[in-house]
Structure formats: C-alpha cells, structure tokens
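Structure assessment
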2 protein chains.
Amino acid sequence: MSTRLTAARHPGPVTDLPSTDRPRGTLHFGPDVPPVRGSPTALARRFSQMCMGMMVEGLATTDLTALQYAVLSNLNRQDGEPGIDQNGLAARIGVERSHVSVLVEELVAKELIEQRVNGADRRARLLHLTPKGEKLYARLRPGIRIANESVLEPLSPHERRLFIDMMIRMIAANGTHARPGARRRKRGSQSSPSRKSGESRKSNDLGRRTS
Amino acid sequence: MSTRLTAARHPGPVTDLPSTDRPRGTLHFGPDVPPVRGSPTALARRFSQMCMGMMVEGLATTDLTALQYAVLSNLNRQDGEPGIDQNGLAARIGVERSHVSVLVEELVAKELIEQRVNGADRRARLLHLTPKGEKLYARLRPGIRIANESVLEPLSPHERRLFIDMMIRMIAANGTHARPGARRRKRGSQSSPSRKSGESRKSNDLGRRTS
DNA sequence: TATTGTTATACTCTATAACTATA
DNA sequence: TATAGTTATAGAGTATAACAATA
C-alpha cells in the first residue's frame, strides 16, 4: 500500500498530510518526478543526488569532480581556510585521509593547489591554492553558488534559513555519524556474487522464448 | 576567512545568524563535530553520509547493502509497492536500470525477491518479495525506522514534518535532477592520472629527509 | 523503431590496512 | 608509541553503451 500524495508545487507546505504523522511508504508526485520513499534516508539520497546533478552542471566546463571542487572551496582565500593540513581537509569535506591524499595529488597535478611542509611539524602538509587555483575558483564560484541557491528555490526565504539551520543542527547532533568511517562494515561481509570475468551472469530464462 | 559559529545543541534554531543571510564559508561546531561548509551541497553530503551511517548500523546483522534494503522497502507488501517492474523500481530508488538489474540479481541469489514475467508485456519483469524476503523486511524495518527517526531527533515534532515537507518540495521541483543521469558528464573527461599499476605515484619529495 | 532488461566497462567515492617519515 | 601522510586493494555506487527479446 502506498501513500498517494501530490506535492504542492511552490509556496506553502504540503497541506494534505495528517498533522500528527509524517508520510510513510512511497510518495507520488507529478509525471516528471519519480516517486520517493518518505524516510529521511531516501530523501537524503535524492536530495544529495539533486545537488550533485547541479554541481556537475556547474563544473561541466572543467574537468573537476565534485570533491575536487569541494577541496578548492575549502582552501581558497575568498571564503575558505587556506593553510589547513590534509587531516583538517579530510574532516571538512568528510572523506578519508587516504582519499584526500589522492585528491591532493590530482589537484597538484592540475597545478591548482600546492602542499607546503609545516615548519613546526614536518609531518604535516599545509595546503594552499596556487594563483591558477584561486583564479579557477573565482571563476567557478558564482555559478556554483547560483546552482546551490536554485536547489532551495521552492522554499521561502525564511524557510531557506530554517532548512539550513535544521540541517546544521542534525549534523551537529549526529557528529559521530556525519563523518567517514561511520559507514564502516565488517570486511569480507560482501554481498555481490563476485564473479570471475569469463563466466556469464545468469541463465536468464524466466519463460522468455529462446527464439 | 571563515564564519565562526557554534550551533545550538538542541531545541531552537541557531539564533546568532544574521536574519537577512545564511551562513557562508565554513561552519565550526564543537570538538566532536568536524566543520562543514554551509552550502546545500556540502550539507546534503554530510546529511546523507549520516543517514547512510545509521542505515549501515541497522543492517549490521545482515549482508544487505543500503540499496538492497531500499529495494526491499519498495517491494514489500506492508508499505511498499509489490509488482512494479524494474524500470519502476529504478525510478523509485533513483538508480540506473542497469544497476537495478544487478541489484535484482543479487537479491534473487539471496532468495529475497523474485522476478515474474508480465503476461501483458513479456519484456517486463514484475518484482515481488519472497516469503523469506517479507520476513526479513519485517524483522529489519523497526530498527531502520528508529534509526531514521533518530536522525530527526534534534528537531521538534513540528520541525520534523516541516523538514520532510521541504525536502519533498525541493525534490519535486527539481525532478529532472533528482534522478540518475542528472549527474552525467562527458565520457573520457577524466581527471585521475590513471596510472599503470607498476609505476609508482609520485616522487614525493617536498623537503622530507630521504633518511 | 522503441522499450525492457542484460551485460560490460570505466570512473567516483568509500573503507581498510600496511607502510614511511616524523614527533 | 603516536600521528601525518602515502600506497594499495576491494567494495559500492554511478554513467554509458551495446545488445537481445519483445512490442
């Protein structure tokens, strides 16, 4: 059984929800919008997918991935924190230290960032954008910002602030999960069949004529 | 330059934000919470990471991935839509048809779902949970639901409804992006160095003593 | 010719672990 | 011994394209 529901397109909250409960089951929208489940997880997935879609559009003229852009946005002098080390960057963008190593390598190869050894602690590498990196970020930022704003466009200005605020509160409260490693699962507890390439997937009969 | 800000821990909205603007730059929280950028995209990433963390915990006693569970939640008889075809499922969970093929194969191998050829259109496969699948979903659902609710716990009951509602409105409005394929980028516009295995990554000098 | 599902491939992101240099 | 970063490997998820069966 599925919860039928047509979402209000723009201004107010969806009003035909029982005020004592949230939608359960699968939510159905108009013809252009695929149905979604009403759980935070399912919505989070779609929402993030949506943001990534916007992001990729905004980066279409470059060869940057979303995370590579995230690095630039964390390190730039305009509104970032230049000079943080790789662990700090890992914490900020929410990826593993090892992944940061790779991201940094890629961006160094593109000559967009540089690593400087910290004089005080020669283990650490402090990260800065190169002039080329700053220039690229300055060029990209307006479009990305507009894309980000457009995601929130169905909300009223007050709701936009509230939405960001609620996100922040949930992330802050669940800090232990909102970071890499939270998703850890035992090694070797794999679920995919893990075929050798060469043996084909399935007989795939199921009543089809083998013509 | 970074926006310093200490998020209110529980009940009300964060109050020290200028009411005419949203936080820009990097947001700093307490010692247990890594900083985040204030853009919807960055928050979406963290939020989804958080939800996935919860999900993986809830699935820890199984060998299901988050998406495999999503399939069960879309097909079960309690609150799902049994009998939809694979394209319908793809639209609902927001993955490519080709990925659904793989997910279905994995779950069929676990004997949790089954494919039935549609009599009316022999191309389509209608999906149903097996009794084993229904049983597993019934066992898992309460824990997953509690995990999902716990994500929203920092919000007041009214805010929880509003948050879900806002998510739904944004997803509905941006329907063209909230689905796979929105993230498309030109093929071959790759960013990784794409090393041959055998040649090592970088000289990695940077002033380290080569002891 | 168009659509459903399958297979293959490649890339992005995530998770771990072992390792080096430095503290 | 502990920490910052590197390298390697594997799994999960995403993006495309070519194909077979069916419409």
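Refer to the structure above for everything that follows.
The following paragraphs examine the structure supplied in this document. What you see is a predicted model, and the numbers here were worked out from it, not measured in a lab. (Residues numbered from 1 in each chain as written. Chains lettered and ligands numbered in written order. Predicted model: local features only at pLDDT ≥ 70, side-chain atom pairs only at ≥ 80, totals over all residues. Heavy atoms only, no water.)

Looking now at the environment of Leu89(B). Residue and element names in this part refer to chain B. The topology assignment puts Leu-89 in helix α3 (residues 86-93). Leu-89 sits 15 residues away from Val-104 along the chain, and the two C-alpha atoms are 10.0 Å apart. Apart from the residues within four sequence positions on either side, Leu-89 is in contact with Val-71, Asn-74, Ile-84, Val-100 and Leu-127. (Helix = DSSP H or I, 4+ residues; strand = E, 2+ residues; numbered from the N terminus. Contact = heavy atoms within 4.5 Å.)

Residue and element names in this part refer to chain B. Burial within strand β4 (residues 125-129) is extensive, with four of its five residues counted as buried. In this structure, strand β3 (residues 113-117) lies alongside β4, joined through five bridges in antiparallel fashion. From the neighbouring strand, Glu-114 faces β4, where its bridge partner is His-128. (Buried < 20%, exposed > 50% of the residue type's maximum accessible area, 1.4 Å probe, protein only. Pairing = 2+ DSSP bridges.)

Residue and element names in this part refer to chain A. Of note, Asn-76 is situated in the loop between α2 (66-75) and α3 (86-93). Judged by relative accessible area, which is 0%, Asn-76 ranks as buried. Separated by 61 residues in sequence, Asn-76 and Tyr-137 place their C-alpha atoms 7.4 Å apart. Not counting the four nearest positions on each side in its chain, Asn-76 is found in contact with Glu-81, Pro-82, Leu-129, Glu-134 and Tyr-137. Among the polar contacts listed, one links the side chain of Asn-76 to the backbone oxygen of Ser-73, at a separation of 3.0 Å. Engagement of the side chain of Asn-76 in a polar contact is seen with the backbone nitrogen of Asp-79, the distance being 2.8 Å. (Polar contact = N/O pair within 3.5 Å; in protein donor to acceptor, adjacent residues only side chain to side chain.)

Residue and element names in this part refer to chain B. One can describe the packing of helix α1 (residues 40-58) onto helix α5 (residues 131-151) by two numbers: an axis separation of 9 Å at closest approach and a directional angle of 150°. Classified by the angle their axes make, α1 and α5 are roughly antiparallel. Both α1 and α5 take part in a crossing whose hand is right-handed. Facing α1, whose interface residues are Phe-47, Met-50, Cys-51, Met-54, Met-55 and Gly-58, α5 presents Ile-144, Ala-147, Asn-148, Ser-150 and Val-151. (Axes fitted to C-alpha atoms, helices over the stretch in contact; angles between N-to-C directions. Parallel < 35°, antiparallel > 145°, perpendicular 65-115°, else oblique. Left-handed = near helix turned anticlockwise from the far one by under 90°.)

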